[in-house]
2 protein chains.
Amino acid sequence: MEEKEISQTVVGRLPRYFRYLGELKDEGIERVSSQELSDIMQVTASQIRQDLNNFGGFGQQGYGYNVGFLYDEIGKILGLHREHNLIIVGAGHLGQALVNYTNFERRGFLFRGIFDKDPQVCGQKIRGITVRPMNEMEAFVQENDIDIAVLAIPKTSAVEVAEQLVCCGIKGIWNFAHVDLRVPERIQVENVHLSDSLMKLSYNLSSREDEE
Amino acid sequence: MEEKEISQTVVGRLPRYFRYLGELKDEGIERVSSQELSDIMQVTASQIRQDLNNFGGFGQQGYGYNVGFLYDEIGKILGLHREHNLIIVGAGHLGQALVNYTNFERRGFLFRGIFDKDPQVCGQKIRGITVRPMNEMEAFVQENDIDIAVLAIPKTSAVEVAEQLVCCGIKGIWNFAHVDLRVPERIQVENVHLSDSLMKLSYNLSSREDEE
DNA sequence: CAGTCGCTGTCAATTCATTGACATAATTTT
DNA sequence: AAAATTATGTCAATGAATTGACAGCGACTG
């Protein structure tokens, strides 16, 4: 399929559409117009139509969009119709928090393994999943068809671990470590830099005060 | 001070500059040009100069930027020269993970209290901080000069808690709950929507496959 | 100490994103 | 069944962000 590249700006808005459509669906609402969605979501109706049209004409003139249908379609676009096998690297507090957050599983993101370099932690079970030593990671990824690795480790080891993951054929990395990973272009990296986020909040707090 | 509004796009890049400058500083490097930074950070030199110039002329022609000075200045811009008092609402896995992440404290973000609605959890200590019941929250915020509240609770209760926080004079909310909070404009909200981030990664994995 | 070079700050050009406008088509009303 | 209404898909216009270009200042060199 020769499709035009969708900008990350647009992609970043899809999950939010998906969430609101899910809520409408749960409320039993069957149809919605871009104008109604616009009111609920606080974005322009024009942007909604523009965004959706990147992926095809999901609506119908004079009617609007069918909530259930659009919800499913966006789900497919986001790749939620298939299952993803994940591992978590780092069984610290953050790693554990992620494993215990069951909403990911509900969306098809299945935690298949947890790895940690601390021998004390290895062997323990977190939500039924045994923590394994790092040296078993590469084989595990290959044998269990893992496509996403979650890096919940300090930045000091993140670069090295990322390299190992690249070598054993990982497709995507969800990176919670506070470094920028340099990986081949074929591998997708999604960063969650919590301290950056907190600093942004801090900036906005300060700048608001200055205005007064 | 009558200063022009800085776009969130630019603000969002500041923490990254801050991080790289910190690393250079730790390596003992004293000066850096926008071109050198450009090579390290993989952004255009033009963008770096443009971004920094929003806040003033930190560099010197023919010399470049003094690493230590620029680091400190960006720190101040981000509001890191002062301390922030935070509370965490929700003592679940995520809340605990955040409390235990000591890097925030090092930057002046001090966790002063933890709150949870579960009576079983109240009274327990996490890294020396006692978990308190929700009904004590409002008074605590006011008495302890809390400016930031971290919402690490399910979306079902997030909206209600946010309203309480607004009432007792919170200035900023770091929101990990999967809802959009509607708060007065004077209150800053920074969202960390983990599932949105994961869906974005999922999209990029799928779209990459389609290309092949 | 004069000349060369390096690098910023800034303006202009370009690219990208958002908003507005409307022709057209399906739906609902009468 | 015709008329009126609704709301999409898309094109054009506007606005924002990024990149490119360079004048001019300061630093370094011989």
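For the structure, see preceding data.
Structural notes, computed from the coordinates. (Residues numbered from 1 in each chain as written. Chains lettered and ligands numbered in written order. Predicted model: local features only at pLDDT ≥ 70, side-chain atom pairs only at ≥ 80, totals over all residues. Heavy atoms only, no water.)

## A look at the relation of the copies chain B and chain A
Overlay of chain B on chain A (RMSD 0.1 Å): rotation 180 degrees, translation along the axis 0.0 Å. Both copies are brought into coincidence by an operation consistent with a two-fold rotation axis. Interface overlap between copies: 97% of the residues of chain B at the interface are likewise at the interface in chain A, consistent with a symmetric, same-surface contact. (Least-squares fit on C-alpha atoms with pLDDT ≥ 70 in both. Contact = heavy atoms within 4.5 Å.)

## A word on the environment of Gly22 of chain A
As for its position among the elements, Gly22 of chain A is in helix 1 (residues 8-26). Separated by 48 residues in the primary sequence, Gly22 of chain A and Leu70 of chain A place their C-alpha atoms 9.7 Å from one another. (Helix = DSSP H or I, 4+ residues; strand = E, 2+ residues; numbered from the N terminus.)

## Overview of the environment of Leu21 of chain B
All names here are of chain B. Secondary-structure assignment places Leu21 in helix 1 (residues 8-26). In this structure the C-alpha to C-alpha distance between Leu21 and Glu5, which are 16 residues apart in sequence, comes to 24 Å. If near-sequence neighbours (up to four positions away) are discounted, Leu21 is found in contact with Val32, Val67, Leu70, Tyr71 and Ile74.

## What to know about unusual backbone geometry
Residue and element names in this part refer to chain B. Of note in the backbone geometry, Arg127 takes a positive phi value of approximately 45 degrees without being a glycine. One can find Arg127 in the loop between strand 6 (125-126) and strand 7 (129-133). Here the phi dihedral of Asp145 falls at roughly 55 degrees; this positive angle occurs in a residue that is not glycine. Position of Asp145 relative to the elements: it lies in the loop between helix 7 (137-143) and strand 8 (148-151).

## Notes on the protein's contact with DNA strand C
Around DNA strand C, a shell composed of 26 residues is seen, among which Arg13, Gln50 and Gln61 of chain A together with Ser34 and Gln61 of chain B lie nearest. Across the atoms of DNA strand C situated within 4 Å of the protein, the share located in sugar and phosphate is 63%. Contact between DNA strand C and Arg13 of chain A: a phosphate oxygen at 2.9 Å from a side-chain N or O atom of the residue. At a separation of 2.6 Å, a base oxygen of DNA strand C approaches a polar side-chain atom of Gln61 of chain B. The set of elements that each furnish at least two residues to the surface near DNA strand C consists of helix 1 and helix 3 (45-53) of chain A together with helix 3 (45-53), strand 2 (59-60) and strand 3 (64-66) of chain B. Take the surface near DNA strand C: its biggest share by element is four residues, from helix 3 of chain A. Across the surface near DNA strand C, the residue classes break down as three nonpolar, 19 polar and four charged. (Near = heavy atom within 4 Å. Polar contact = N/O pair within 3.5 Å; in protein donor to acceptor, adjacent residues only side chain to side chain. Nonpolar A, V, L, I, M, F, W, Y, C, P; charged D, E, K, R; others polar.)

## Considerations on the protein's contact with DNA strand D
As a matter of local geometry, DNA strand D sits amid 27 residues, with Ser34 and Gln61 of chain A together with Arg13, Gln50 and Gln61 of chain B nearest to it. Sugar and phosphate atoms constitute 59% of the interface atoms of DNA strand D, taking the interface as everything within 4 Å of the protein. Residue Gly62 of chain A places a main-chain N or O atom 3.3 Å away from a sugar or linking oxygen belonging to DNA strand D. Interatomic distance of 2.8 Å between a side-chain N/O atom of Gln61 of chain B and a sugar or linking oxygen of DNA strand D. Element by element, the count of residues in the surface near DNA strand D is highest for helix 3 of chain B, at four residues. Of the residues contributing to the surface near DNA strand D, the split by class is three nonpolar, 19 polar and five charged.

## What to know about the nonpolar core
Core analysis: the largest hydrophobic core is formed by 100 residues, its most contacted members being Trp174 of chain A together with Ile74 and Trp174 of chain B. When near neighbours in sequence (up to four residues on either side) are disregarded, Ile74 of chain B contacts Leu14, Tyr17, Phe18, Leu21 and Leu52 of chain B. (Core = buried A, V, L, I, M, F, W, Y, C linked by side-chain atoms within 4.5 Å. Buried < 20%, exposed > 50% of the residue type's maximum accessible area, 1.4 Å probe, protein only.)

## Observations concerning the interface of chain B and chain A
Residue-level contacts link 62 residues of chain B with 61 residues of chain A. Taken together, both faces of the contact between chain B and chain A bury some 5,800 Å²; the carbon and sulfur share is 59%. If you sort the residues of chain B by the area they bury against chain A, Leu198, Met199 and Tyr203 of chain B come out on top, with a joint share of 12%. For the interface between chain B and chain A, the tally reads six salt bridges. The closest approach of N and O atoms between Arg19 of chain B and Asp180 of chain A, which form a salt bridge, is 3.4 Å. Linking chain B to chain A there are 23 residue pairs in polar contact (both at pLDDT 80 or more). Considering every element that reaches the side of chain B that touches chain A, the biggest residue donor is helix 9 (residues 194-211) of chain B, with 17 residues. When the residues that make up the side of chain B that touches chain A are grouped by side-chain class, the tally is 29 nonpolar, 16 polar and 17 charged. (Buried area = accessible area lost by both parts, 1.4 Å probe. Salt bridge = Lys/Arg side-chain N within 4 Å of Asp/Glu carboxyl O.)

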